Amino acid sequence: MNASNNARAWKTQKANSDPNSSGIPWLMETPTVVFGFSISHGLGQDSKSVIAGHVGLDAGCMQFASTVAVQSKSDVISNEIMKDMTKTLLTHFIVHNAGFFPSRVLVYRDGVSEGDFQRVLENECKTIRQVCRNVNTAAQNSSNCPPSCKGLGCLFCTPPITFIVCQTQHNIRIVPEHQVQGFKHRNVFSGTCVDTEILDFKDSLLTATSNISPNRGDMCFQETNPDGFDFLLTAQGGLKGTSKPIMYRVLVNENVVWKPDGFVGTSCSPPFTPLTRERLQLCTYHMSFQYGTATKAVRSVPVVKYSQRLAENVMGYLKFAIDTNEVAQQDQILDDSERPSFERRNRSGTLLERFRYIPTARNTSSLPSSILYKSSPYDYETGDIRPPAYPHVAA
């Protein structure tokens, strides 16, 4: 069955739209890579954190490749691990799309509290941009970069990035004001979105575009939203109990300001549209229908939901893997910029060592060793490109 439908069970389509325009809104315009990262924590202060990542390989976000890593317990992914995971997932995307480099980057991140937003921006978002520059050979020869780039990546040599945090631990509930026909157990309908009133205070922070200064009229949309981009979405229709929405916090949204054809190495042509709040809400809702084992919308976007389940599965298997020497402990290298975020001390004040676990049997291919071979849609021994053997392996 996977061979006949390329591991894609269905597509989404806007109501009363052109049948040939089916697919995820905004993602269909140009090759756009969608990352999803999630963390599962073990018990105890000196325990471990399992980080899982998925990438949508096709424009319909129903074919995925995954990778996983283990580090010392922390809510923020270290630069070293983030580089390995992003390079692995980005390589999967490029190979699957016949060598095309993505024009835009959309990142969904789970497991971040509000107090860690700044650390996530300074470490994880910066690392993703640096990996995009290192993988794209055309960007390395760019002459448009300002002196502040210093080879770490900027808006002139890397695709624009939108970084979104998915928050599930909150006390907000959305219920209909009046009981009307069609509402089940006083739950709102699937697709109910709230972006005003409740979020007015949080949107007033305006972190999404605060560090973006459009100074090139030919490269900018200049349609920034003064009201912010955060929103609450109830994608899954509740059957019993009270539905709990997910709060999407947009930390940075360069795709609402910068056009994707403004960086070196793009293989696509205009027209493009900015990622406004309305388009982001519609894009996120459509992706909620792309979960491989559900015929309706799920609560969170599948690229994050798969990562959550994979991280939990690896956490349950980790102790066995350590006891059987399938993974080995390795000291974790920390940059000076991330030391304050990762240096942890026990109750006596002693500095805890940082470490990560790596597989003892490394992949002999030239790609990063963290690629999960069985979940890969490519046969590295023969070089053949095939549909994924397990299109929803994390489920």
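Computed from a predicted structure; not experimentally measured.

Calculation criteria
Residues numbered from 1 in each chain as written. Predicted model: local features only at pLDDT ≥ 70, side-chain atom pairs only at ≥ 80, totals over all residues. Heavy atoms only, no water. Helix = DSSP H or I, 4+ residues; strand = E, 2+ residues; numbered from the N terminus. Buried < 20%, exposed > 50% of the residue type's maximum accessible area, 1.4 Å probe, protein only. Areas by Shrake-Rupley, 256 points an atom, 1.4 Å probe, with all protein chains shown as cover. Salt bridge = Lys/Arg side-chain N within 4 Å of Asp/Glu carboxyl O. Pairing = 2+ DSSP bridges. Expected span 1.5 Å × (residues − 1). Phe/Tyr/Trp six-rings, centres within 6.5 Å; stacked < 30°, edge-to-face > 60°. Core = buried A, V, L, I, M, F, W, Y, C linked by side-chain atoms within 4.5 Å. Contact = heavy atoms within 4.5 Å. pLDDT = per-residue confidence, 0-100. Axes fitted to C-alpha atoms, helices over the stretch in contact; angles between N-to-C directions. Parallel < 35°, antiparallel > 145°, perpendicular 65-115°, else oblique. Left-handed = near helix turned anticlockwise from the far one by under 90°. Disulfide = S-S within 2.5 Å.

Draft legend 1. Representation of the overall build of the protein chain. Assigned secondary structure in the protein chain consists of eight helices and 10 strands. Per-residue burial for the protein chain yields a buried fraction of 51% across its 395 residues. Surface exposure of the protein chain reaches about 18,500 Å², of which carbon and sulfur atoms provide 50%.

Draft legend 2. Layout of the pattern of salt bridges. All told, the structure shown has seven salt bridges when counted by the stated rule. Put simply, Arg104 and Glu29 hold a salt bridge, and the shortest N to O gap is 3.3 Å. Of the two residues, Arg104 is situated in strand 4 (residues 104–110) and Glu29 in the loop between helix 1 (2–5) and strand 1 (32–41); the sequence distance between them amounts to 75 residues. Across the salt bridge formed by Arg129 and Glu254, the nearest N and O atoms sit 2.5 Å from each other. Highlighted residues: Arg129 in helix 3 (residues 117–135) and Glu254 in the loop between strand 8 (246–253) and helix 6 (277–287), separated in sequence by 125 residues.

Draft legend 3. Examining the pairing of strand 7 (residues 231–234) more closely. Residues of strand 7 alternate between two faces, with Phe231 and Leu233 on one and Leu232 and Thr234 on the opposite face, all of them buried. Looking at chain direction, strand 6 (residues 192–194) and strand 7 are connected through three bridges and run antiparallel. The residue bridging Val194 from the neighbouring strand is Leu232, located in strand 7. As judged from the three bridges shared by strand 7 and strand 8, these two strands associate in the antiparallel manner. The partner of Phe231 across the bridge, within strand 8, is Tyr248.

Draft legend 4. Fine view of helix 3. Spanning 19 residues, helix 3 covers 26 Å between terminal C-alpha atoms, matching the ideal 27 Å at 1.5 Å per step. Of all the positions in helix 3, only Phe117, Val120, Asn123, Glu124, Cys125, Thr127, Ile128, Arg129, Gln130, Val131, Cys132 and Arg133 are classed as buried.

Draft legend 5. Expanded view of the packing of aromatic side chains. The full count for this structure, using the stated rule, is seven aromatic pairs. When the ring of Phe64 is compared with that of Tyr306, the centres are 5.0 Å apart and the planes differ by 65 degrees; the resulting orientation is edge-to-face. You can see Phe64 sitting in strand 3 (residues 64–72) and its partner Tyr306 sitting in helix 7 (residues 302–323), a full 242 residues away along the chain. Residue classification places Phe64 among the buried positions, given a relative accessible area of 4%. Considering the side-chain rings of Tyr285 and Phe289, the 5.1 Å spacing of their centres and the 80 degrees angle between planes classify their relative orientation as edge-to-face. Among the residues examined, Phe289 registers a relative accessible area of 24% and is labelled partly exposed. An aromatic cluster of three or more residues is present, and its members are Phe64, Tyr291 and Tyr306.

Draft legend 6. Main features of the nonpolar core. One finds Leu27, Val34, Leu106, Tyr108, Tyr248, Leu280 and Met287 to be the most contacted residues of the largest nonpolar core, which totals 38 residues. Where this core is concerned, the elements lending two or more residues are strand 4, strand 5 (161–167), strand 7, strand 8, helix 6 and helix 7. Among the elements that take part in this core, helix 6 stands out by supplying four residues, more than any other. Setting aside anything within four residues of it in sequence, one finds Met287 in contact with Ile24, Leu27, Val34, Cys61, Leu106, Tyr108, Val301 and Pro302.

Draft legend 7. Region of the structure containing the pairing of strand 5. The buried fraction of strand 5 amounts to seven of the seven residues, a majority that puts the element mostly inside the structure. In strand 5, alternate side chains face the same way, and those of Ile161, Phe163, Val165 and Gln167 on one face and Thr162, Ile164 and Cys166 on the other are all buried. For strand 5 and strand 8, the ladder comprises six bridges, and the chain directions are antiparallel. Its bridge partner being in strand 8, Ile164 is matched across the sheet by Val250.

Draft legend 8. Representation of the confidence of the model for the protein chain in the model. Per-residue pLDDT for the protein chain averages 75, and the proportion of residues at 70 or more is 67%. Element-level mean pLDDT values for the protein chain span from 44 in helix 1 up to 95 in strand 4. Predicted confidence for residues 362–375 stays below pLDDT 50, and this span has 25 contacts to residues more than four positions away or in other chains. Taken together, the stretch residues 387–395 has pLDDT below 50 and engages in 28 contacts with residues farther than four places along the chain or on a different chain.

Draft legend 9. The packing of helix 2 (residues 79–96) against helix 3, seen in detail. Relative to each other, helix 2 and helix 3 sit at 45 degrees, their axes nearing to 9 Å. By the angle between their directions, the pair helix 2 and helix 3 is classed as oblique. Between helix 2 and helix 3 the crossing geometry is right-handed. From helix 2, Asn79, Met82, Lys83, Thr86, Lys87, Leu90 and Ile94 reach across to helix 3, where they touch Asn123, Glu124, Thr127, Ile128, Gln130, Val131, Cys132 and Val135.

Draft legend 10. Geometry of the state of the cysteines. Under the criterion given, the structure shown has zero disulfides. Left without a disulfide partner, Cys125 is nearest to the cysteine sulfur of Cys132, which lies 9.6 Å away. When its relative accessible area of 6% is taken as the criterion, Cys125 is described as buried.

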